[in-house]
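# Survey of secondary and tertiary structure
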Amino acid sequence: MLKKITFAALTFLFTLCMIGCGDKSAGEKTSDASKVEGSADKAVLAYAQLNAYGIIEDENQAAAGMAENDIKDVQDRVLAQLVQAFQNFPLSDENIDKITNQYVAKLHVAMNLKTTIKKDDPKNPVVELTARTINRENTDKAAETDENLLALGNMLYQMQLAGFTYEQLKNDPNFQAAAMETISNFISEFQLNDEQSIDITCEALKGTDGKMHWAPQNPQDITKFVNGQK
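Residues numbered from 1 in each chain as written. Predicted model: local features only at pLDDT ≥ 70, side-chain atom pairs only at ≥ 80, totals over all residues. Heavy atoms only, no water.

A separate point is the pattern of salt bridges. All told, the structure shown has six salt bridges when counted by the stated rule. Across the pair Glu-94 and Lys-98 runs a salt bridge whose closest N-O atoms are separated by 3.5 Å. Of this pair, Glu-94 and Lys-98 are both found in helix 5 (residues 93-110), four residues apart, which corresponds to roughly one turn of the helix. The exposure class assigned to Glu-94 is exposed, which follows from its relative accessible area of 51%. Here Lys-118 makes a salt bridge to Asp-199, at a shortest N to O gap of 2.9 Å. (Salt bridge = Lys/Arg side-chain N within 4 Å of Asp/Glu carboxyl O. Helix = DSSP H or I, 4+ residues; strand = E, 2+ residues; numbered from the N terminus. Buried < 20%, exposed > 50% of the residue type's maximum accessible area, 1.4 Å probe, protein only.)

This brings us to helix 7 (residues 147-161). In this model helix 7 runs 21 Å from its N-terminal to its C-terminal C-alpha over 15 residues, within 8% of the 21 Å that 1.5 Å per residue would give. For helix 7, the side-chain oxygen to backbone nitrogen distance between the N-cap and Asn-148 is 3.0 Å, and the N-cap itself is Asp-146. Following helix 7 by one or two positions, Gly-163 has its phi on the positive side, about 105 degrees. (Expected span 1.5 Å × (residues − 1). Polar contact = N/O pair within 3.5 Å; in protein donor to acceptor, adjacent residues only side chain to side chain.)

This next bit is on the packing of helix 2 (residues 40-53) against helix 4 (residues 68-86). The N-to-C vectors of helix 2 and helix 4 enclose an angle of 35 degrees; their axes lie 8 Å apart at closest approach. Here Leu-50, Asn-51 and Tyr-53 of helix 2 come into contact with helix 4, specifically with Ile-71, Val-74, Gln-75, Val-78 and Leu-79. When grouped by side-chain class, the residues that make up the contact of helix 2 with helix 4 number six nonpolar, two polar and no charged. (Axes fitted to C-alpha atoms, helices over the stretch in contact; angles between N-to-C directions. Contact = heavy atoms within 4.5 Å. Nonpolar A, V, L, I, M, F, W, Y, C, P; charged D, E, K, R; others polar.)

Turning to helix 10 (residues 219-226), a few remarks are in order. Among all positions in helix 10, only Pro-219, Ile-222, Thr-223, Phe-225 and Val-226 are buried. One side of helix 10 carries all its buried residues, which in axial view fall inside an arc of 165 degrees. In this structure, the buried residues of helix 10 make contact with helix 2, strand 4 (126-131), strand 5 (196-206) and strand 6 (212-216). Looking one or two places after helix 10, you find Gly-228, whose phi comes out positive at around 70 degrees. (Arc of directions from axis to C-beta.)

Considering the arrangement of structural elements, one finds Glu-181 in helix 9 (residues 173-189). Distance in space between the C-alpha atoms of Glu-181 and Leu-152 is 9.9 Å, their sequence separation being 29 residues.

Burial of strand 4 is extensive: five of the six residues sit out of reach of the surface. Sheet topology places strand 3 (residues 114-119) next to strand 4; five bridges connect them, and they run antiparallel. Looking at strand 4, one finds that Lys-119 is bridged to Val-126. Counting the residues between successive antiparallel strands, the hairpin from strand 3 to strand 4 contains six residues. (Pairing = 2+ DSSP bridges.)

On to unusual backbone geometry. At Asn-112, a position not held by glycine, the phi torsion is positive, near 50 degrees. Summarising the element assignment, Asn-112 is placed in the loop between helix 5 and strand 3.

Our focus in this paragraph is the confidence of the model for the protein chain. In low-pLDDT segments, the atomic positions of the prediction should not be examined closely. Residues with a pLDDT of 70 or more make up 85% of the protein chain, whose mean pLDDT is 83. The least confident element of the protein chain is helix 1 (residues 2-13), whose mean pLDDT is 43; the most confident is strand 4, at 98. Scored below 50 in pLDDT, residues 1-26 makes 70 contacts in the model with residues more than four places away or belonging to other chains. (pLDDT = per-residue confidence, 0-100.)

The next thing to look at is the side chain of Thr-130. Its location among the elements puts Thr-130 in strand 4. Of note is the side chain of Thr-130, whose polar atom sits 2.8 Å from the side chain of Ser-197. Setting aside chain neighbours within four positions, we find Thr-130 in contact with Asn-112, Leu-113, Lys-114, Glu-195, Gln-196, Ser-197 and Phe-225.

Looking now at the packing of helix 6 (residues 136-145) against helix 7. Angle between the axes and distance between the axes are the two parameters that describe a pair of packed helices. Contact geometry for helix 6 and helix 7: axes closest at 6 Å, N-to-C directions at 50 degrees. As far as their axial angle goes, helix 7 and helix 6 are oblique. Contact residues: helix 6 offers Ala-142, Ala-143, Glu-144 and Thr-145, while helix 7 offers Glu-147, Leu-149 and Leu-150. Classifying every residue of the contact of helix 6 with helix 7 gives four nonpolar, one polar and two charged. (Parallel < 35°, antiparallel > 145°, perpendicular 65-115°, else oblique.)

In this section: the packing of aromatic side chains. For the structure shown, the criterion picks out one aromatic pair. On the basis of an interplanar angle of 50 degrees and a centroid distance of 6.2 Å, the ring pair of Tyr-103 and Phe-190 is categorised as tilted. Taken together, the residues span a long stretch of sequence, with Tyr-103 in helix 5 and Phe-190 in the loop between helix 9 and strand 5 at a distance of 87 residues. When sorted by exposure, Tyr-103 lands in the same class as Phe-190, which is buried. Against the face of Phe-190 rests Lys-106, its NZ or CZ located 5.2 Å from the ring centre. (Phe/Tyr/Trp six-rings, centres within 6.5 Å; stacked < 30°, edge-to-face > 60°. Lys NZ or Arg CZ within 6 Å of the ring centre and 35° of its normal.)

Here is the structure:
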């Protein structure tokens, strides 16, 4: 049972459905593209990056007109689910931070998020968003069959039978080293799908900076896409 809990946690980790950054459709709109700050492709990229792994490059953040508080709110919700998944393992707080950072860094590079203007419409430009998303099916199977993960689960099971508590395991150097190596290798090797694309229609809305910026008409389309739910 203990080993099943371990692998259920891994499955949860790699099938997360990140929370979207909200629908800004209630804001002020404009049909005059000359009044809009930034470009639609960079704004869409900001939404995609934020919802995929919580990191936004400065130029994309500026194009989307997102304030730091808005970004932090979504980052906290996105990363909280990730941290919660790792907390199913008796990892120390320091190691949870390390493995979370590795996971985010892996997605930042591997997903290869890209955007291009597909239709340069002055009122509703269309942006093509391209990404490689996590292959959920293969990753789930790997979480259940990977020999190193099975060995880690057995190690956890045997140490708990020997009387180790989760708190003690968090401070046990041997278990921490084995867990970090195993989970780190699994993150490094998980499979992604081939590049896929989706068209995102945008509209101009007032950002938190009081200026007009391009934003997706349906932000949840981006959230679902970057999480492999197209």
